[in-house]
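Fold and contact review
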Number of protein chains: 2
Amino acid sequence: RGNVSGLVRRLNMSDGISCRELDWTSPSGGKFHFDIRRMASFSERSLFVIDYRVTSEDYEGPAEFLSLHKGVVHNYSNPHDPRMAAESGEHILPKEGHVSGGTSVLISRTASTGLEVASAVTCEVYVNGKKAGPWICEYDEEAHEARTRIAADLKPGCEIRIVKYCIFTDSRRSDDCGAEAGQKMNLVLQNGVDSYYQAQRQFLDQFWNSAKLQIDGDEDLNRAVSFNMYALLQSACPDGTASIAAKGLSGEGYEGHYFWDTEMFMLPFFILTAPQEAKNLLSYRYRTLPQARENARLLGHKRGALYPWRTITGRECSGYYPSGSAAYHINGDIAYAVISYYLATGDLSFMEKEGYEILLETARIWTDMGNWYQGSFRILCVTGPDEYTCMVNNNYFTNCAAKYNLEWTVKMADILRHTQGWKDLAARLAITDDELAGMKRAADGMYLPYDEEWGINPQDDSFLQKPVWNLPDTPASDFPLLLHYHPLHLYRYQVCKQADTVLAHVLFPQYQDEETMRKSFLYYEKITTHDSSLSTCVFSIKASELGMRDKAVWYMGDSAKMDLLNTHHNSKDGIHAANMGGSYMAIINGIALLRIHEGYVSLSPWIPEQWHGYCFRFLFHDSLFEVTVKQEESELRMLSGQPVMVQFYDHKEQMKEGNLLKHTCG
Amino acid sequence: RGNVSGLVRRLNMSDGISCRELDWTSPSGGKFHFDIRRMASFSERSLFVIDYRVTSEDYEGPAEFLSLHKGVVHNYSNPHDPRMAAESGEHILPKEGHVSGGTSVLISRTASTGLEVASAVTCEVYVNGKKAGPWICEYDEEAHEARTRIAADLKPGCEIRIVKYCIFTDSRRSDDCGAEAGQKMNLVLQNGVDSYYQAQRQFLDQFWNSAKLQIDGDEDLNRAVSFNMYALLQSACPDGTASIAAKGLSGEGYEGHYFWDTEMFMLPFFILTAPQEAKNLLSYRYRTLPQARENARLLGHKRGALYPWRTITGRECSGYYPSGSAAYHINGDIAYAVISYYLATGDLSFMEKEGYEILLETARIWTDMGNWYQGSFRILCVTGPDEYTCMVNNNYFTNCAAKYNLEWTVKMADILRHTQGWKDLAARLAITDDELAGMKRAADGMYLPYDEEWGINPQDDSFLQKPVWNLPDTPASDFPLLLHYHPLHLYRYQVCKQADTVLAHVLFPQYQDEETMRKSFLYYEKITTHDSSLSTCVFSIKASELGMRDKAVWYMGDSAKMDLLNTHHNSKDGIHAANMGGSYMAIINGIALLRIHEGYVSLSPWIPEQWHGYCFRFLFHDSLFEVTVKQEESELRMLSGQPVMVQFYDHKEQMKEGNLLKHTCG
C-alpha cells in the first residue's frame, strides 16, 4: 500500500550488483527513500545478499520490518504451451527447519529424486551505521517459513540498513547440506558483506578483461550484448555439478533442464572468454557419463554412452522420445564441444582425464547403431536438430556430427598414445586398435546425403520427396507452427523449425564444397520458420561465410536485444540463454569470421554499414587478443601470452605478445 | 468356507447358457447341491440372469441368502504391460441408487466422459417351486450397493431357487437410463425367465443354421472353433452403438477399446454367417463419423474423416501417436470392410444410407495427405500394421489400402449414381466429378514400392536399407520384443511384429503378381516374430493361397484353441477376439480358399492330412451354402435363397436352391 515514485532499476555489470531505488509514501503520509542492492556472489557461489537501506525523509515514529524466509515453492505451469511445465505442483517438499542465533535454516527436498536443498538466512541490521539487534527469528513449521521481526524508532534523516545474507546449499555438493549452510553462514558473517562486494568486482574485472566486446554505433545492441555475456556468466556453474539450463537460473521455462543448447550455443562464448567455465561445463557431462551409459543400455546399445536430450541429474527427462531420445545428435554436439575446447585451449590434461572418455563413449554409439548399406555407413531413425522432422534416416547433420566424433576419437587416440596415462586409459576403457580401426572405417564411409538435381544436401533420405510447406500463405497467427499443427502433419512437409543442414555447414564446412553449401543455404532459407530461437544466428553465421553480408546482418537482426528489451514478451519465463550465446556467435564467428583450427585461429572480420566500429577480445591457447574493426581498417593485437599461430584474413603468422597486425578494408 | 466338491462347469452353446454344478458341505456339516445357470440374453440384450437352485441334501434348519448388487467397480491395471491399463482407479463413479418393490436400481457415471450406466436387480425366489417373498432390499448409499436378504427354512430335499434378474442400460442408448432400467425390469418380470430361455434357443438355432462349422478328426479344434464363434457372436453389439473390444466383453485388457481388429479380423466371420451383425458393426463406424472428422481436423486435414486407432466413443484414446494416430491404415481397413460387406450381401441400401459416406470420407484423407512425386502418388509418415516399424513413407499395406479405398469410392459413385438418393447424397456430401476424378488419378497413380533386387514389395521406402534383426540368436525370454526393447531400437531393424506386406497380399492380391507375393512371403516369414496375435492367421491364409499347405497348417497351429484351452496363460485379461476371428478366417479363407468377388463367390477347399473331413455353411447374397470336404472329394450345396454365381474350384456357374457341385480331389 502507499505510493511508490521515482523507481529506478540498475544492473551494474562491473560491480556485479543489481540496484533498485525508490521513494515511498506510506498510507499515513510518511516519506521514505529505499536503496536496495542485490548480489549473487561469484566468489562465494552459495551466497546471495540483499542489502536494504531505508531512510526516513520526514517520518518520526516506530517502524517494523518483517523479513521472511520461505521454504515452500510453487512452480509456474501452463498445460497449453509445450515449452512450459505442463503440471502445476510442489516439486520441493518441506523437510525440516530450525533457528539458532538469528540464523534460520530451512531444508526441503525434491519430490521424486529426493535431492535436498537448504537455505540459511541471517539479517544484520544497522541503524545510522550502528549495528542493532539481536532480533527474534521464529520458525513456523506448518508454513515451512521463518520470520524475523525488526523494530526501530525512526526520525527524519535516520537510515536503517538491513543486510539479508542468504546461503543456498544442496545435497549434490554436500552430504549434510543443512549443516553446510549453517557453517557457510558463519564464515560469511565473519568476512562481512563488503569483502564480498570487493571480490565480486575483482572477479568481474578479470572476466571483462578477456571478454570485452564493444560495438560503436548501436548503443542498444552494445548494451544488450554485454547483458547477454553477463547473464551467461551468471548462469554457468563453476564446479562441474551442473550445466546451464535453457533459461539459465532466471526462470522456469523448460523446467530447468539442460539441452544441447549449452554445448552448441553457449560453450563457444566461454571457450573464447572464460575457458575455465567451459571446462566446468564439459566436466558436468563427464560426471554424468554413468547415467548416459545407462540411457544407452535402455535404448538397446551394448556399448557406449548416449546423452539424454533434456536432463538435470544426467537421466533423460524427456517423456516424448520422437524429439527427445531420438535426437542422437546430442552425442555429436557434446563431442564437438569437447574437441572445440581442446582446439581452443590445447588442454591435453583435460582430454586425458575426462575429454577422451566422452569422445570414445559417444563415438561408440555410432558404431553400435550405424549399419553398412551399399558400401556406406548409415544412421537410421534419428531426429536431427530440426524438430519439424522426426525419426528419419541419414539426417545430414547427425551423420556429419557422427563422422566428426568418430574421426576425432581416432585422431585423439593417436595424440594421447604418446602420453604417460594412455596405457591405463586404454585398459580402463577397453580400447583396442580393432575398435579404433572400425571407427575410422565408419567415419570414412559415412553416408552424407547429396541430391544431384538440386545440388544440395537433403536434410535426410526422404526430405526432398515431401511437398514444400506453403510458408508465404501461412497466416502469421499460425506461428510457431508447433502450437497449431499436429506433429504428424508437420512431419509430412518440407518445413524446418530451425537450422539443421545449415548448422552442419557451419560446424563441418570441411565436408562440403562451397557451391553445395551456398545452394543449400538458399534452399533451406525458403522453408525455415525459425520457430526456434536457435536458428537465425546460425543462418547469420553461414551468410557471413558465404559473403552474403546483408543477410548476415538481417539474420542477426535484433536477436541480441531479445531479453534486455523483452522483444518476444516472454522473458518472464526466463532468459533465452542459447540465443544469448547465439548472438555472441553471430558477431564473433559470423561478422568477425573467427574460426578455431588445429593449431591456429583465423579471423577475417568485416563491419556492417550501420556500425562505426567494434572491438573484442578473446583467448586462444591462453593468449589474449584484441580485435579492433573500423570501416576503413582492422587490427589484431596480441595482448599477452605465449606465441601462437594466427591467420588474419589471408595472412598467417606466429604472433607474439605485443604484436599487431593491420588490415585495410577494400 | 466349508467344502466344495464335484464342481462342473459347462457352456451350452445351443441353449446359450453357462452352468456350474457343485456340492457344498457347510462348516457345520450340512450338505447342499448347487445348480447355477447364467444367461446373457440375445433376445433382450439388457438382460442378464443368474438362476440359482440350491437343494439341501441332509440339512434341516434356517438358511439365509444374501444377494448383492454392487455399483462400485475397480479396474485391473498393470503399469508394466503396455497391453493393460497403466493406471488403477475407479473410472465409474457412483451417481445414485434407489430401491422400489424389491428392485434396486444403481446409476453410476464414467469419470471423464460422464456416460451413465444403470443396473437394476430383482430376485425372484421359489421354495420347492412355490414363489416366496417379498424380501427386503436395502440401498447403502456410502457403499453404492444394494442388499437383499432371503431367508428360508430348509429340510432335506427342499430346493430354493433364486432367479436374479439383472438389467443393464446406459445413457448412450437412453436419455434416462435409470428409468429405462426400471421399465425393462418390469417387462422382463412380466415375461418371466422361461420365455427368455426359449428365445435364446431360437436365436442360436438360427445363428448356427448359417454359422455351422464342423471339423472331424480334431475334437479339441472342433470345440474351440465353436467356442470362438460363439464368443464373437456374444461380443457383437446389435444396435450399432458399439463395436467389439479387443477382449470382447470378457476382460479389461486394452481397456475395452475398439481397434482395426474388428474390421479386419472379426467382420469377415460375421459377413459370412450373420450379415446383420456385420452391418451393425459398420453402423457403429458410421455413427462415429463426426468424431472421425474432428480427429481429421486435429491432425491437420481440411477434408475427410480419420478414424481413431483405439476408441470407445469415437474419439482417439491412444496417447502414443507413433503407433496410434499414425496408423492411418485404419481408414483403409474400415473402407475395406464396408466394401466386403457390400460385395458379400449386395446391400445397396446400406451403401446409400451409411456405407458410401464412410467410403468417401475415408478416401478424402488420402487425397488430402498424399502427394505426387516423380509421377506417382505417395503417402508419407504413417505407421502400417507392423508396429515394430513406425512413421515411414509409402508403407506398402497402407498404399494398397488407400488405392482400394479410392478405387471403390469412384466405382461405388458410378453404381449409386443411378439410384434415387444419389442427388441428395452428392449434395449433402459435396461430391463433385472433379473430386472423383482426382481420386481416380490418385488410385491409378498410387506408388506401390517394389524392390528389383529381391523381387519383393518392401514394407516401406526404407525398410530394406535396415539391417535384419538376428531372430535365430534372440533368446526366447526376449519375446515379445516390445516388452524388452525400446521402440527406437526396434525401428532400426528389419523385424516385424506381425504380417504387414503379407496382409496386403492377402487382401489385395490383384495389385501384385504371384511370384512377387511368393518371394515376399518367404522374405517376411524370416523376419516376423508374430508377437501380435493378428499375424499367424494371415500367414496361414497366404500360405494356402500360394499352395504351401504344410505352412498353412503350421501357421494355423493351435491358435484357434488359444482361449478355450488358455494356451497363452492370459485369458484372464479376456478373450483374444481378433484371434478368434483370425482362426475362423484361416479355415474358411485359408484352407477352404473362400473368396468374395464382384458378383460371385469362389472356393477351392482342400483338407489337411490330419483331418477326416470338415463341413461349413456360409451366406452369400442371402443364399445359404453348405460345403463338405473329405479327403477324397468335396461338395458344395446351395441350401436356400435366390440363384447366385459361384466358382467351385475352376468351375463357375449360377447355382440355384438345392443344386450340388462335386469335386474329386486329385
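An account of the accompanying structure is given in this report.

Glancing now at the overall build of chain A. In terms of helices and strands, chain A carries 17 helices and 23 strands. In terms of C-alpha radius of gyration, chain A reaches 27 Å, essentially the compact-globule figure of 26 Å for 666 residues. Principal-axis analysis of the C-alpha atoms places the extent of chain A at approximately 85 × 60 × 60 Å. The buried share of chain A, taken over its 666 residues, is 58%. When the accessible surface of chain A is split by element, carbon and sulfur atoms take 48% of a total near 27,500 Å².

In total, this model carries 78 aromatic pairs over all chains according to the counting rule given. Between Trp24(B) and Phe32(B) the ring centres are 5.4 Å apart and the planes differ by 35°, which places this aromatic pair in the tilted class. Taken together through their ring pairs, the aromatic side chains of Tyr254(A), Phe259(A), Trp260(A), Phe265(A), Trp309(A), Tyr336(A), Phe397(A), Tyr404(A), Phe508(A) and Tyr511(A) make up a single cluster. In this structure, Lys411(A) packs its charged tip against the face of Trp408(A), placed 4.5 Å from the ring centre.

It is worth spelling out the nonpolar core at this point. Judged by nonpolar contacts, the single largest core of 332 residues is most densely connected at Tyr356(A), Phe618(A), Tyr356(B) and Phe618(B). Setting aside residues up to four positions removed in sequence, Tyr356(A) forms contacts with Met351(A), Thr409(A), Met412(A), Ala413(A), Leu416(A), Trp422(A), Leu425(A), Ile431(A) and Leu436(A).

Turning our eyes to something else, we now look at the interface of chain B and chain A. On the chain A side, the residues contacting the 30 residues of chain B number 31 residues. The largest contributions to the chain B side of the interface with chain A come from Tyr321(B), Gln465(B) and Arg492(B), which together make up 26% of the buried area. Across the contact surface, chain B and chain A share zero salt bridges. The interface formed by chain B and chain A contains 16 residue pairs in polar contact (both at pLDDT 80 or more).

Residue and element names in this part refer to chain A. In this structure, Ser602 sits in strand β17 (residues 600-603). Among the polar contacts made by the side chain of Ser602, one reaches the side chain of His597 at a distance of 2.7 Å. The residues touching Ser602, leaving out its near neighbours within four places in the chain, are Leu593, Leu594, Arg595, His597 and Gln647.

Residues and elements named next belong to chain A. Within the element layout of this structure, Trp135 appears in the loop between β9 (130-132) and β10 (137-140). In this structure, the C-alpha to C-alpha distance between Trp135 and Thr148, residues 13 residues apart in sequence, is 6.6 Å. Apart from the residues lying within four places of it in its own chain, the contact partners of Trp135 are Val125, Thr148, Arg149, Ile150 and Ala151. A distance of 3.4 Å separates a polar side-chain atom of Trp135 from the backbone oxygen of Ala132.

Calculation notes
Residue positions within a chain follow its written sequence, with the count starting from 1. Starting at A for chains and at 1 for ligands, labels are handed out in the order in which the entities are written. Local features in this predicted model are restricted to residues whose pLDDT is 70 or higher, and side-chain atom pairs enter the listing and the counts only when it is 80 or higher, whereas totals over whole chains, interfaces and linings include all residues. Side-chain metrics in this entry use all non-hydrogen atoms of the structure; hydrogen atoms and water are not considered. Put simply, DSSP H or I for four residues or longer makes a helix, DSSP E for two residues or longer makes a strand, and each gets a number counted from the N terminus. With C-alpha atoms as the basis for the radius of gyration, the globule rule is written as 2.2 Å multiplied by the number of residues raised to the power 0.38. Categorising residues by exposure relies on relative accessible area from a 1.4 Å probe, with only protein chains included: less than 20% of the type maximum marks a residue as buried, more than 50% marks it as exposed, and the intermediate range marks it as partly exposed. Only the protein chains shown count as cover for residues, with accessible areas throughout obtained via the Shrake-Rupley method and a probe of 1.4 Å. Only Phe, Tyr and Trp rings take part, Trp by its six-membered ring, and two of them pair if their centres are within 6.5 Å. Stacked means planes under 30 degrees apart, edge-to-face means over 60, and tilted covers everything else. Charge-over-ring placement is defined geometrically: NZ (Lys) or CZ (Arg) within 6 Å of the ring centre, and within 35 degrees of the ring normal. Only buried Ala, Val, Leu, Ile, Met, Phe, Trp, Tyr and Cys residues count toward a nonpolar core, and they belong to the same one when joined by side-chain atoms within 4.5 Å. Two residues form a contact once any of their heavy atoms are found within 4.5 Å. Summed over both partners, the accessible area (1.4 Å probe) lost when two parts come together is defined as the buried area. Here, a salt bridge means any Lys or Arg side-chain nitrogen found within 4 Å of an Asp or Glu carboxyl oxygen. Side-chain atoms alone can form a polar contact between residues adjacent in sequence; in general such a contact is a pair of N or O atoms within 3.5 Å, and within protein one must be able to donate a hydrogen while the other accepts it.

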